[in-house]
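Structure at a glance
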Amino acid sequence: MGMTRKLYFMVIVVLFFCTPTVAAQNPSDTLVFFFVTQGKKQLEDKKYKEALESFKRVFALKSAVPDEVAYYYGYALLHLSNFSQSKAALKKYIELQGRNGLLYDKTLEALEEADCKETGYKDAFILCDICFGDSTITIGCRTCKEKGYEVCPLCKGNGVVLSASSFGNTYRTCHRCAGEKIIKCTTCKSSLKETLMCYSCSGKGRKKIRKKCIN
Ligand SMILES: [Zn+2]
Ligand SMILES: [Zn+2]
Ligand SMILES: [Zn+2]
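Residues numbered from 1 in each chain as written. Chains lettered and ligands numbered in written order. Predicted model: local features only at pLDDT ≥ 70, side-chain atom pairs only at ≥ 80, totals over all residues.

Along its length, the protein carries 6 helices and 8 strands. Reading the helices (α) and strands (β) of the protein from amino to carboxyl end gives α-α-α-α-α-α-β-β-β-β-β-β-β-β. When the 215 residues of the protein are sorted by exposure, 19% land in the buried category. Counted over contacts in the protein with a minimum sequence separation of 6, partners at least 24 positions apart contribute 60%. (Helix = DSSP H or I, 4+ residues; strand = E, 2+ residues; numbered from the N terminus. Buried ≥ 20, exposed ≤ 12 C-beta atoms within 10 Å, placed from the backbone. Contact = placed C-beta atoms within 7 Å.)

Once that is clear, we can look at the environment of Gly 140. Counting through the fold element by element, Gly 140 comes out in strand β2 (residues 136–140). Overall, Gly 140 belongs to the exposed group, with 11 C-beta atoms counted inside 10 Å. Separated by 51 residues in sequence, Gly 140 and Ser 191 have C-alpha atoms that sit 9.2 Å apart. When near neighbours in sequence (up to four residues on either side) are disregarded, Gly 140 contacts Glu 146, Leu 192 and Lys 193.

Moving on: the packing of helix α5 (residues 83–97) against helix α6 (residues 104–119). Two measures define how a pair of helices packs: the angle their axes make with one another and the distance between the axes. Where α5 contacts α6, the axes come no closer than 9 Å and their chain directions differ by 155°. For the element pair α5 / α6, the angle class is roughly antiparallel. Taken as a pair, α5 and α6 cross one another with a handedness that is left-handed. On the side of α5, the interface is formed by Phe 83, Ser 84, Ser 86, Lys 87, Leu 90, Tyr 93, Ile 94 and Gln 97, while α6 contributes Tyr 104, Thr 107, Ala 110, Leu 111, Ala 114, Asp 115, Lys 117 and Glu 118. When the residues that make up the contact of α5 with α6 are grouped by side-chain class, the tally is 8 nonpolar, 4 polar and 4 charged. (Axes fitted to C-alpha atoms, helices over the stretch in contact; angles between N-to-C directions. Parallel < 35°, antiparallel > 145°, perpendicular 65-115°, else oblique. Left-handed = near helix turned anticlockwise from the far one by under 90°. Nonpolar A, V, L, I, M, F, W, Y, C, P; charged D, E, K, R; others polar.)

This is the structure we're talking about:
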């Protein structure tokens, strides 16, 4: 084993023992750790009722509950056919941990299973049939009605503006349009098109549908 490899190995060992999940300082934390571990073992052994009791004891400790318990609790409820409560617990896990949670994929799977068993249907996503996934749609410019220009907002299309001075009011050539009375369309910059967020999918590019579960 070379020096670099040895060092690399050491770093891994040190990191492993420093992970916070192993640490349990006060008695209540120790009990939480005990019942969570017991509950997880019971789930592995498919003893769902017993597992549920273990997790209930974790909640009863009124100590900080690890986020993963929401998943395991929901998983136990799923196998006890309590689908609505199962879904609520699983959604709680996603709410707490987000997409980066270690159990995110497993939670989605369990949620789908609970949904299928409860309703016979599950959520599925299809490409938006209006924007085809682009999230935007392009339409003719509504500001200029596809002419490419609009009436100068400063001189209102007169080409001149009233200018007050000590000698009284005089008309000067409009500096906004240089006397042209029109300006390049401010919305489409003369491209005649404007891009909008897709109204059909609210800019998501896809749509949620309910799909019948197989088996
Ligand atoms: Zn769309
Ligand atoms: Zn003008
Ligand atoms: Zn325009």
